[in-house]
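Close look at the chain arrangement
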Amino acid sequence: MLYTSTRDNSIRVTAAQAIAKGISDEGGLFVPCEFPAFSLEKIGDMAAMSYIDRAKTVLKEYLTDFTEEELDYCVTGAYEASKFSSAKIAPTVNINANENVLELWHGPTCAFKDMALQLLPYLMTVSAKKTAEGKTIVILVATSGDTGKAALEGFKDVENTKILVFYPVDGVSPMQKLQMTTQEGSNVAVCAIKGNFDDAQSAVKAIFTNDEIKRELAAKNMMFSSANSINWGRLVPQIVYYFSAYCDLLEQGRIALGDEINVVVPTGNFGNILAGYYAKRMGLPIKKLVCASNSNNVLTDFLTSGEYNKNRQFYTTSSPSMDILISSNLERLLYHAAGDDDAYVRELMASLSDSGKYIVTEAVIDTIQAYFTAGCCDENAVYDTIKQHFDSFGYLSDTHTAVALKVYADYVNATGDDIPTVIDSTASPYKFSKSVLTAVNGGTTPLLDEFEMVDALFEKTGTAVPAPLQSLKNKAVLHSSVCDREHMSEMVFKLLNL
């Protein structure tokens, strides 16, 4: 399996090269040159496997330059039982009729990013030994909330790496901020930026492709890589849990082998749902991928109309990990939908950079709509959905999951398509305890601090509080740096002590 770039398809690199580099030199994203084909028989065989074995089965098709021993080291280390609060790693929970929630937040930071970011440091270490022996890899991350902590936790004290995380100063929940600013580790640094996630992400991409900065790092025997989902090593582990969810439904007798399912994903940067698209392209029987957005509904508009336009009001919502107007991973989908036309992707990305928008051809949007549909959810509906699901089914969801639950309900009402469906649950409700407690209280927010909110939510619902969040209560804040977007490159050198 080789990889090419969305902006230069003459490039051919191995999986290890793609993972170590993170992003192609010209700014494109690495994509596989082909999709492995999984037969129904092969998928059926996976049903009896553990999550670790399901992961190995999928990943070995993409990481063909990893030996069996290397792959076993990576996957077994990432998903060892002590790191996850569920023996299933990512359990699929039936809520109501054909509504099944894929809980992706049982890892050490209580968010779906753990599913990839527990594995990425292992993949990065093996990849670096193959392609960049002796170099220190500087992991540069922009986060809208969950990626930052998951990356910090995954990479802390990993040999020959340093990790720098930038987050919007007012754009994450109090619990997310506390998770990052209390992070321990000899190789970690965290900095807030005055701006939103798109500002941080755009600045990080600019730093990645700045030749002068790269030369300065090279002189210190360092190189950049990424833990954002622009890195193929972040995206490929996410493909696994769609196969795993399908296998769970087979095990539970909710579907028969070959039955189609729908998948609903709350997404901002488009990586989580793109992994579902890759699973479908590989042969997993997914009928529709339903893209769920919050009030920042740029993806809904694009998937409905074919026009992508980030020139709109930016909303700070109760689901901050989706407060994004530039969805990086959409570039990968555009490349595939345009028949691997790198020149066309370059044209679209140039238009996005210059004017903040682009319009795809009718053929491209028709191709995309064959796989995807979309919907969005405003703030009032988020709160109503949390309360309704708890009152009706005893199921407590976080704000992001509530967006997906509401969009799923709207989709069924509009289409009547109520086949068995997997709905991604991306975070523990306790990461957003103020919003969730307000919702189950019917709109009343108690005057409590963050951890009193956690206690009150537990008393109200009886839903278990994850130990990693409970343990934050008495941790000291270790990272307090703040900078403007324009000074992020200088902050990178400051945090690296260069």
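Notes on the structure follow.

About the criteria used
- Residues numbered from 1 in each chain as written.
- Predicted model: local features only at pLDDT ≥ 70, side-chain atom pairs only at ≥ 80, totals over all residues.
- Heavy atoms only, no water.
- Pairing = 2+ DSSP bridges.
- Helix = DSSP H or I, 4+ residues; strand = E, 2+ residues; numbered from the N terminus.
- Axes fitted to C-alpha atoms, helices over the stretch in contact; angles between N-to-C directions.
- Contact = heavy atoms within 4.5 Å.
- Parallel < 35°, antiparallel > 145°, perpendicular 65-115°, else oblique.
- Left-handed = near helix turned anticlockwise from the far one by under 90°.
- Buried < 20%, exposed > 50% of the residue type's maximum accessible area, 1.4 Å probe, protein only.
- Salt bridge = Lys/Arg side-chain N within 4 Å of Asp/Glu carboxyl O.

Considering the sheet that holds strand S14 (residues 372–376)
Spatially, S4-S5-S15-S10-S11-S14 is the arrangement adopted by the six strands of the open sheet, whose pairing is mixed. Each edge of the open sheet carries a strand with a single partner, namely strand S4 (92–96) and S14. Taking the axes of each pair of neighbouring strands and ignoring which way they run, one obtains an average angle of 25° across the sheet. Pairing between strand S5 (residues 99–103) and strand S15 (residues 421–425): five bridges, direction parallel. Counted as the bridge partner of Glu-99 is Thr-421 from S15. Contacts from helix H13 (residues 298–305) reach strand S11 (286–293) and S14, with the element oriented near 140° to S14.

Describing the packing of helix H3 (residues 51–62) against helix H11 (residues 232–251)
Taken N-terminus to C-terminus, the directions of H3 and H11 make an angle of 130°; their axes are 9 Å apart at the nearest point. Between H3 and H11, the crossing angle belongs to the class labelled oblique. Between H3 and H11 lies a crossing of right-handed hand. In this structure, H3 contributes Tyr-51, Arg-54, Ala-55, Val-58, Leu-59 and Tyr-62 to the contact, and H11 contributes Trp-232, Val-236, Pro-237, Ile-239, Val-240, Tyr-241, Phe-243, Ser-244, Cys-247, Asp-248 and Glu-251.

Looking at the environment of Ile-19
Checked against the element boundaries, Ile-19 lands in helix H1 (residues 15–21). Exposure remark for Ile-19: the relative accessible area of 0% places this residue in the buried category. As a C-alpha pair, Ile-19 and Ile-230 span 211 residues in sequence and 9.9 Å in three-dimensional space. Not counting residues up to four positions away in its chain, the partners in contact with Ile-19 are Leu-63, Leu-120, Leu-123, Met-124, Ser-127, Ser-225, Asn-231 and Gly-233.

Describing the pairing of S15
Residues in a regular strand point their side chains to alternate faces of the sheet. Within S15, five of the five residues are buried, which leaves the element mostly enclosed by the surrounding structure. Where burial is concerned, the two faces of S15 agree: the one with Thr-421, Ile-423 and Ser-425 and the one with Val-422 and Asp-424 are both buried. Pairing of strand S10 (residues 261–266) with S15, which is carried by three bridges, proceeds in the parallel orientation. Opposite Asn-262, over in S15, you have Thr-421 as the bridge partner.

Thoughts on the pattern of salt bridges
The tally for this structure, following the rule as stated, stands at 21 salt bridges. The partner of Asp-25 in a salt bridge is Lys-21, and the shortest N-O contact between them spans 2.9 Å. Its relative accessible area of 28% is what places Lys-21 among the partly exposed residues. With a shortest N-O distance of 3.2 Å, Lys-88 and Asp-248 are connected by a salt bridge. Pair noted here: Lys-88 is in the loop between helix H4 (68–78) and S4 and Asp-248 is in helix H11, with a separation of 160 residues, a long-range link. By sharing partners, the salt bridges in this structure join Lys-21, Asp-25, Asp-211 and Lys-214 into a single network.

Thoughts on the sheet that holds strand S16 (residues 481–484)
Read from one edge to the other, the open sheet built from five strands follows the order S9-S6-S7-S8-S16, with strand pairing classed as parallel. Of all strands in the sheet, those bounded by a partner on one side alone are strand S9 (222–226) and S16. Shown here is a sheet whose adjacent strand axes are inclined to one another by a mean of 30°, direction ignored. Pairing of strand S6 (residues 136–142) with strand S7 (residues 161–168), which is carried by six bridges, proceeds in the parallel orientation. Note that in S7 the partner of Ile-139 across the bridge is Ile-163.

Points about the pairing of S5
The element S5 is extensively covered by neighbouring structure, given that five of its five residues are classed as buried. Across the two faces of S5 the burial is the same, with Glu-99, Val-101 and Glu-103 and Asn-100 and Leu-102 all buried. Of the strand pairs in this sheet, S4 and S5 are connected by four bridges, and their pairing is antiparallel. Each residue of the ladder has a partner; that of Asn-94, found in S5, is Asn-100. Between S4 and the antiparallel strand that follows it, S5, lie two residues; Ala-97 among them carries a positive phi value of about 50°.

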